Amino acid sequence: ARDGNHLILTIDEVIQYITEKALEEMIEEFSPESASAVVLDPKTGEVLAMASRPTFDPNKPATLKKENLRNRVVTDVFEPGSAFKPVTAAASLEGGVISADDRVYCELGAMRYHGHTFNDVHPYAEITFSDVLAHSSNIGMIKVVSLLQPQWLYDYIRKFGFGEPTNVGLPGESPGIVHPPAKWSGLSMGAITIGQEIGATSLQLAAAFSAIANKGTIMQPYVVSAILNPEGAPLRRFSPQALRRVIRPQTAETLAQMLVRVVTEGTGGSAKIPGYACAGKTGTAQKADLVNGGYRRGEYVAVFAGFVPADDPVACI
């Protein structure tokens with residue numbers, strides 16, 4: 001028998017403990033079928049915490065259930081809903097079709113688009129694009145993104161890392177679901193804009209928000225910082241790696257300011273932390289009906305993605 005190598009993780013045990021505790025409290029309050037959370041350092045790509053529920057006790061193998069073994073942060077794919085809007089907002093700002101202060105008429109809460117009626121939770125008339133994001137207006141977002149070419153939108157979705165694994169180094173990672181424009185219907189520009197017709201993992205969403213937090217550059221997420229031999233001598237070290245520039249620094253700064261307003265004035269009020277400016281976006285997506293097609297009534301995936309402090313982020317959650 002020979003001793004194996006040692007792994008040094010990027011996980012911060014304090015942040016991991018806090019994350020697990022917060023997830024447990026949320027499960028006690030809302031009793032979801034499952035839940036996951038991940039915390040990244042947006043400037044380095046290091047995974048600071050990662051947790052899934054339901055979980056298992058490795059000390060009691062007889063009680064293990066197969067479905068509880070997987071790491072939902074990297075395996076489970078969901079439609080992100082409105083939490084995806086910052087990505088489509090970024091494509092719109094980069095495409096020059098809108099600025100944060102431009103005004104958009106939101107049709108008083110209902111709009112026909114390619115034979116389908118899209119609704120807002122609250123009706124709005126004319127509001128700024130910043131307000132469209134803060135109050136999560138589906139109609140405002142669809143009207144703006146419809147000014148783009150489908151290929152432009154698709155290219156930005158891929159730049160943010162959707163449709164391929166993050167290559168974080170963990171088994172079972174899903175690439176998510178992103179169809180090319182050739183497979184889109186007339187409705188797709190509207191649906192994708194508000195986070196439907198697209199599948200993402202929690203880690204992909206965290207990496208995308210980290211790109212906004214990191215002035216427009218997306219970093220390679222990683223969970224192992226070093227491999228040591230049995231005697232403790234380093235065999236390999238891993239360091240932060242910038243993958244690509246996704247958006248311009250000015251666009252990232254504008255988006256960050258818009259996402260702060262989501263928390264201070266819009267749908268993300270629960271994310272306020274006294275003394276800190278928090279940026280983020282909520283998402284509530286109907287669950288897809290995998291048997292009959294369409295969506296299941298009354299069943300939802302609830303998402304929040306954000307970073308803090310907004311002006312110099314150290315954690316993307």
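Remember, predicted model here, so these are calculated numbers, not experimental data.

A. Structural view of the environment of V145. Positionally, V145 belongs in helix α5 (residues 138-145). A sequence separation of 106 residues divides V145 from T251, and the C-alpha atoms of the two residues are 16 Å apart. If we ignore the near neighbours within four places in the chain, the residues touching V145 are T88, S92, L153, M189 and T193.

B. View of the side chain of K85. Structurally, K85 can be placed in helix α3 (residues 85-94). The buried charged residue K85 lacks any salt bridge, with D120 as its nearest oppositely charged partner at 6.0 Å. Only 2.8 Å separates the side chain of K85 from the side chain of N138, close enough to count as a polar contact. When near neighbours in sequence (up to four residues on either side) are disregarded, K85 contacts L133, S136, S137, N138, M141, T193, I194 and K281.

C. Spatial organisation of the packing of aromatic side chains. By the definition in use, this model includes 3 aromatic pairs. An angle of 75° between the planes, with centres 5.1 Å apart, marks the rings of F84 and F162 as edge-to-face. Pair noted here: F84 is in the loop between α2 (72-75) and α3 and F162 is in the loop between α6 (150-159) and α7 (188-193), with a separation of 78 residues, a long-range link. With respect to class, F84 is no different from F162; both count as buried. Between Y113 and F118, the aromatic rings sit 6.1 Å apart at their centres with planes inclined by 70°, giving edge-to-face as the arrangement. Assessed through its relative accessible area of 13%, Y113 is described here as buried. K159 extends its terminal NZ or CZ atom over the ring of Y156, reaching a point 4.2 Å from the ring centre.

D. The arrangement of the environment of A271 in detail. Looking at where A271 falls in the secondary structure, it is placed in the loop between α9 (249-264) and β12 (279-288). Along the chain, A271 and F304 lie 33 residues apart, while their C-alpha atoms are 8.8 Å from each other.

E. Structural detail: the sheet that holds strand β10 (residues 234-237). Pairing is antiparallel across the open sheet formed by 3 strands, whose spatial order is β1-β9-β10. Lying at the two open borders of the sheet, with one neighbouring strand each, are β1 (6-9) and β10. Strand after strand, the sheet turns through a mean of 20° between neighbouring axes, direction not considered. Pairing of strand β9 (residues 224-228) with β10, which is carried by 3 bridges, proceeds in the antiparallel orientation. Across the sheet, L228 pairs through a bridge with P234, a residue of β10.

F. Layout of the packing of α3 against α6. Where α3 meets α6, the axes come as close as 9 Å, and the angle between the chain directions of the two elements is 125°. On the basis of their axis angle, the class for α3 and α6 is oblique. Two packed elements cross with a definite hand, and for α3 against α6 that hand is right-handed. For the pair α3 and α6, contact is made by V87, T88, A91 and E94 and by W152, L153, Y156 and I157, respectively.

G. The nonpolar core, seen in detail. Core analysis: the largest hydrophobic core is formed by 73 residues, its most contacted members being F129, I157, F160, F162, I247 and L255. It is helix α8 (residues 202-213) that contributes the most residues to this core, 9 residues altogether. In this structure, V39, L48, C278 and V308 belong to the second largest nonpolar core, which totals 7 residues.

H. Just the pairing of β9, in detail. The element β9 is largely enclosed, with a buried count of 4 among its 5 residues. Where β9 hands over to β10, the hairpin turn is made up of 5 residues, of which G232 adopts a positive phi near 95°.

I. Structural detail: a nonpolar patch on the surface. Taken together, the side chains of V14, Y17 and I18 make up a nonpolar region of the molecular surface, amounting to roughly 330 Å² of accessible area. The residue V14 is located in helix α1 (residues 13-30) in this model.

Here is what the cut-offs are and how they apply
Residues numbered from 1 in each chain as written. Predicted model: local features only at pLDDT ≥ 70, side-chain atom pairs only at ≥ 80, totals over all residues. Heavy atoms only, no water. Helix = DSSP H or I, 4+ residues; strand = E, 2+ residues; numbered from the N terminus. Contact = heavy atoms within 4.5 Å. Buried < 20%, exposed > 50% of the residue type's maximum accessible area, 1.4 Å probe, protein only. Lys, Arg positive; Asp, Glu negative; His and termini not counted. Salt bridge = Lys/Arg side-chain N within 4 Å of Asp/Glu carboxyl O. Polar contact = N/O pair within 3.5 Å; in protein donor to acceptor, adjacent residues only side chain to side chain. Phe/Tyr/Trp six-rings, centres within 6.5 Å; stacked < 30°, edge-to-face > 60°. Lys NZ or Arg CZ within 6 Å of the ring centre and 35° of its normal. Pairing = 2+ DSSP bridges. Axes fitted to C-alpha atoms, helices over the stretch in contact; angles between N-to-C directions. Parallel < 35°, antiparallel > 145°, perpendicular 65-115°, else oblique. Left-handed = near helix turned anticlockwise from the far one by under 90°. Core = buried A, V, L, I, M, F, W, Y, C linked by side-chain atoms within 4.5 Å. Patch = residues over 30% accessible without salt bridge, like charges linked within 9 Å, V, L, I, M, F, W, Y side chains within 5 Å. Areas by Shrake-Rupley, 256 points an atom, 1.4 Å probe, with all protein chains shown as cover.

By themselves, these observations are geometric and do not establish any function.
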